[in-house]
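Summary of structural features
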Amino acid sequence: DKEDESIRKFEGNPYHPGSRGKNCAKGPATINQIKDTDRILYPLKRTGKRGEGEWERVSWDDVLDDIAGKIRKALKEGRNNEIAYHVGRPGHEGYMDRVLKAWGVDGHNSHTNICSSGARFGYNLWHGYDRPSPDHANAKFILLISAHLESGHYFNPHAQRIIEGMMKGAKLAVMDPRLSNTASMANYWMPTYPGSEAAILLAMAKIILEEELYNKEYLIDWVNWQQYLKSQFPEKEVVFENFITTLKEVYKEYTPEFAEKESGIKQETIIEIAREIGKAGSQFAAHNWRSAGSGNLGGWGVSRCLHFLNVLTGSVGTEGGT
């Protein structure tokens, strides 16, 4: 409101290439926070014991002198790792990392460490990069491991582009124990037992290998199969055909029957989706962020196995791929 300078409404920026002006539910709901009568408007310092709810108002100078003074004292006394920096949603990791390293502090924690680090680690093991981006809008087949990013939260750009891809004919599969909004829109819903996702993904990899649905040219150019054979199977001649034969042998235990027993998903469904992924080839878009990656011991293995399908199909860095 230009007269009283109050905020009346939140809208998306139509020129933003990600959201294109379309907010998720959190956008319009922000007005509730702005008008919250309990919103903290200035620094407060506890005066009583923890939990008593006794506070006094202090100035920003007081806050900075107090906190900075304690940090300085710890640094001067060599207690660097008694300092921990925690931030909710990091948007400035690069700068803070430089500050903390300059202080000799190894205590940077954030929401990300709990939320998405499991999935990030699985991706990082493949190519040293932890945050791939699926091109849903141009995909022929889309596979989501847990779907809350698309069915809510803050990833509405994904939701928009999944719908665009489906309007062009893409098929959608969702691996999620719950029937989310996204799963309800999918061609295939796989309500897996939590933590069993990797078994299904490896069974799909086995099918793609055995039915020769893999992208031979991509694997030859971009996978370190020569080093793999020399290191793990030195008795074998270093030729690509031996690499494929070896992979089939290594993954032979991950049958659709095994995956059904582990996950509760019918083997016929697993086989059908694996063939659809192979048919999509370089236009196979996949994503995992939290849930399976963060909610289970060894959850990083889920995103690692998921990206294995992208590698086999050559859908890495392609239009319609990941």
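Anyway, here's the lowdown on the structure attached to this text. (Residues numbered from 1 in each chain as written. Predicted model: local features only at pLDDT ≥ 70, side-chain atom pairs only at ≥ 80, totals over all residues. Heavy atoms only, no water.)

**Brief notes about the overall build of the protein**
A tally of regular secondary structure across the protein gives 15 helices and eight strands. For the protein, the spread of C-alpha atoms along the three principal axes comes to 70 × 50 × 35 Å. Across the 322 residues in the protein, those meeting the buried criterion constitute 39%. Summarising the internal contacts of the protein: among those between residues at least 6 apart in sequence, 64% fall at separations of at least 24. Seen as two clouds, the 40 positive and the 42 negative side-chain charges of the protein have centres 2 Å apart. (Helix = DSSP H or I, 4+ residues; strand = E, 2+ residues; numbered from the N terminus. Buried < 20%, exposed > 50% of the residue type's maximum accessible area, 1.4 Å probe, protein only. Contact = heavy atoms within 4.5 Å. Lys, Arg positive; Asp, Glu negative; His and termini not counted. Charge placed at Lys NZ, Arg CZ, Asp CG, Glu CD.)

**Examining a nonpolar patch on the surface**
Side chains of I40, L41, Y42, L44 and W55 sit close together on the surface and give an oily, nonpolar patch of about 570 Å² of accessible area. Tracing the backbone through its elements, the reader meets L41 in the loop between helix 1 (26-34) and strand 1 (44-46). (Patch = residues over 30% accessible without salt bridge, like charges linked within 9 Å, V, L, I, M, F, W, Y side chains within 5 Å. Areas by Shrake-Rupley, 256 points an atom, 1.4 Å probe, with all protein chains shown as cover. Salt bridge = Lys/Arg side-chain N within 4 Å of Asp/Glu carboxyl O.)

**Things to note about the pairing of strand 6 (residues 171-175)**
Two faces belong to every sheet, and in a regular strand the side chains alternate between them. Across the five residues that make up strand 6, a large majority, four, are buried. One ladder, built from five bridges, connects strand 5 (residues 141-145) with strand 6; its direction is parallel. When the bridges of strand 6 are listed, L143 appears paired with A173. Two elements, strand 6 and strand 7 (residues 188-190), share three bridges in a ladder whose sense is parallel. Counted as the bridge partner of V174 is W189 from strand 7. (Pairing = 2+ DSSP bridges.)

**Topic: the packing of aromatic side chains**
If you walk through the whole model with that rule in mind, you get 12 aromatic pairs. Their ring planes at 45° and their centres at 5.9 Å tell us that F240 and F243 sit as a pair that is tilted. Highlighted residues: F240 and F243, both in helix 12 (residues 240-250), separated by three residues, approximately one helical turn. Just as F240 is buried, F243 falls in that class too. Ring centres of Y251 and Y254 lie 6.1 Å apart, and the angle between their planes is 45°; on these two criteria the pair is classed as tilted. Directly above the aromatic system of Y42 lies the positively charged group of R57, at a separation of 3.8 Å from the ring centroid. (Phe/Tyr/Trp six-rings, centres within 6.5 Å; stacked < 30°, edge-to-face > 60°. Lys NZ or Arg CZ within 6 Å of the ring centre and 35° of its normal.)

**Overview of the environment of V58**
Mapped onto the fold, V58 is located in the loop between strand 2 (55-57) and helix 2 (60-76). When the C-alpha positions of V58 and K45 are compared, they lie 6.6 Å apart, and in sequence the two are 13 residues distant. When sequence neighbours within four positions are dropped, the list of residues in contact with V58 reads P43, L44, K45 and V63.

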